[in-house]
Amino acid sequence: MNDQIRFQLSQNDIPKFWYNINADMPVPLAPVLNPQTLEPITPEFLAVLFPMSIIQQEVSTERYIEIPEEVREVYKLWRPTPLLRARRLEKALDTPAHIYYKYEGVSPSGSHKPNTAVAQAFYNKIEGTKALTTETGAGQWGSALSFAGKIFGLDVEVYMVKVSYQQKPYRRILMESFGATVYPSPTEHTDYGRAILQKHPDSPGSLGIAISEAVEMAAKSGGTKKYSLGSVLTHVLTHQTVIGEEALKQMDLAGEYPDVVIGCTGGGSNFGGIAYPFLRHNLQDGKNTRLLAVEPMASPSLTRGVYTFDYGDTARMAPVVKMHTLGHDFVPAPIHAGGLRYHGMAPTISALVDAGYIEAVAVPQLPTFEAALMFAHNEGIIPAPESAHAIRAAIDEALDAKEKGEARVILFNLSGHGHFDLAAYDAYLKGELHNYEYPQEAIEEAMSHLPQVKL
Ligand SMILES: *Cc1c(COP(=O)(O)O)cnc(C)c1O
């Protein structure tokens, strides 16, 4: 009997190309709009924030984009990442299903995020950018960009959601150790931060507010600073497809092909990263893999948000895109400990969910942590709370397969480890966490201040 559990590739198997979903989108994407005029955005508007090569990638319809040699060199520090079969978990569940996971937690900052951070830092470096500004919630994205900035000699300025800054000192220290400057957002040194603090001196901050501050600092820098976003945009999802491209080869080594591919979704990048190469095979080769996006009930953009035009940030400075949204002024409930707090979603994922190519499900908080610990007890890895949403769904798939007596092949993305999220586990173990569903009234109220787009 083949009892292998690790399917390891060699350094030469690191993909040479990213896969760009724009080439194969089976449904049209809505245009991206300027937040002031609500007219289609111009490259000049974007050029204030991003280097030209990133803007070109964002709109490119080339199917495969070559990964620069300098980026592949850095990827070698942790790629290819392992793909494992969770045999102990299968046994604990007594399921006929086969459960595989791709583990992105082996990267320097502990998640999939360096896959795009390194690429973005590289393109900025060659176009002469001196510093990058960005936002971070829990600190995963800020850590990844701080690492990448240091590698390519760029200063990194991070606006960290204030409540996380206060509650997660270790992520801040990690960013500072990589040489970044970290501010608790809202701050006093942007117009938008000051405006928020005047109205709400005790504002805990939000991702939307932190994005606004980072965008404002880049826009006012006269070109020396650019802004970098860790999810949502198409180029970010493109960079993350190294995950799915490797997973395709590793599933081949395992001699199986997944019936379902699962990822958690905040802005959609780790999910798109693992799912899009499999979607390509669905679209081109008649494969029939189900693609399942998993989100928290506390922040249910795909399952309960509205598919419409909305601003990418709270201050309405970032572009307007068509996506599933809970409203740009969404502030998540403090009781929610699982991350994945962005109000919107990657436009490509939204369009594909809307057209039925991708499924979405929302899971409650307590069963998510329960799944995380069951996984840890059997596989030995404490997952990031974000990733635990994918684990919950993978376990539910395995239990469903058991009920139906199916040998279903399940692949999920374990997007990161939870070593900096132990306070959330502490709260769970002490019984301080609760299930929480985002209220319908709040969604309806938010829909009354969407941009009035006439197209
Ligand atoms: C940031 C993050 C996520 C959510 O972001 P996506 O863009 O949806 O992938 C998920 N898991 C981990 C570990 C993260 O750091």
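Remember, it's a predicted structure, so these values are computed and weren't measured experimentally. (Residues numbered from 1 in each chain as written. Predicted model: local features only at pLDDT ≥ 70, side-chain atom pairs only at ≥ 80, totals over all residues. Heavy atoms only, no water.)

**Regarding the domain arrangement of the protein**
Threshold: Where each domain starts and ends comes from a domain assignment, either automatic or drawn from a database. Residues count as neighbours in contact if any of their non-hydrogen atoms are within 4.5 Å of one another. Salt bridges are identified by distance alone: a Lys or Arg side-chain nitrogen within 4 Å of an Asp or Glu carboxyl oxygen. Any N or O atom pair separated by 3.5 Å or less is treated as a polar contact, with the protein-specific requirement of one donor-capable and one acceptor-capable atom, and with residues adjacent in sequence counted only for side-chain atom pairs. Secondary structure is summarised from DSSP: a helix means a run of H or I of at least four residues, a strand means a run of E of at least two, and numbering begins at the N terminus for each. Side-chain classes are defined by residue name, with Ala, Val, Leu, Ile, Met, Phe, Trp, Tyr, Cys and Pro counting as nonpolar, Asp, Glu, Lys and Arg as charged, and the others, Gly among them, as polar.
Per the domain assignment, the segments making up the protein are domain 1 (17–67 + 113–227) and domain 2 (80–110 + 240–449). For domain 1 and domain 2, the distance between their C-alpha centres works out to 22 Å. Counting residues at the interface gives 44 residues for domain 1, matched by 43 residues for domain 2. In this structure, the connection of domain 1 to domain 2 is made through 1 salt bridge. Where aspartate 421 meets lysine 168, a salt bridge forms, and the shortest distance between an N and an O atom there is 3.5 Å. Here domain 1 and domain 2 share 11 residue pairs in polar contact (both at pLDDT 80 or more) between them. The dominant element in the side of domain 1 that touches domain 2, judged by the number of residues it contributes, is helix α10 (residues 207–219), at 7 residues. Looking at the side of domain 1 that touches domain 2, its residues break down into 30 nonpolar, 8 polar and 6 charged.

**Considering the environment of arginine 79**
Within the fold, arginine 79 resides in the loop between α3 (69–75) and β4 (83–85). Sequence-distant contacts of arginine 79, that is, excluding residues within four places in its chain, are made with Ile14, Lys102, Glu104, Asn115, Val242, Ile243 and Glu246. Polar side-chain contacts of arginine 79 include one of 3.3 Å to the side chain of threonine 81. Side chain to side chain, arginine 79 and glutamate 246 meet in a polar contact 2.9 Å long.

**Some remarks on the packing of helix α12 (residues 269–285) against helix α14 (residues 347–354)**
The criterion, for reference: Orientation is described by lines fitted to C-alpha atoms, with helices fitted over the stretch in contact, and by angles between N-to-C directions that extend from 0 to 180 degrees. For classification, angles of less than 35 degrees are called roughly parallel, those exceeding 145 degrees roughly antiparallel, those between 65 and 115 degrees roughly perpendicular, and all remaining angles oblique. Each crossing gets its handedness from the near helix: less than a right angle anticlockwise from the far helix is left-handed, clockwise is right-handed.
Between α12 and α14, the least distance of the axes is 11 Å, while the angle of their chain directions is 55 degrees. Here α12 lies oblique to α14, going by the angle between them. Where α12 crosses over α14, the handedness of that crossing is left-handed. Within the contact between the two elements, α12 uses Phe271, Gly272, Tyr276 and Leu279 and α14 uses Thr348, Ile349 and Leu352. Here the residues of the contact of α12 with α14 are counted per class, giving 5 nonpolar, 2 polar and no charged.

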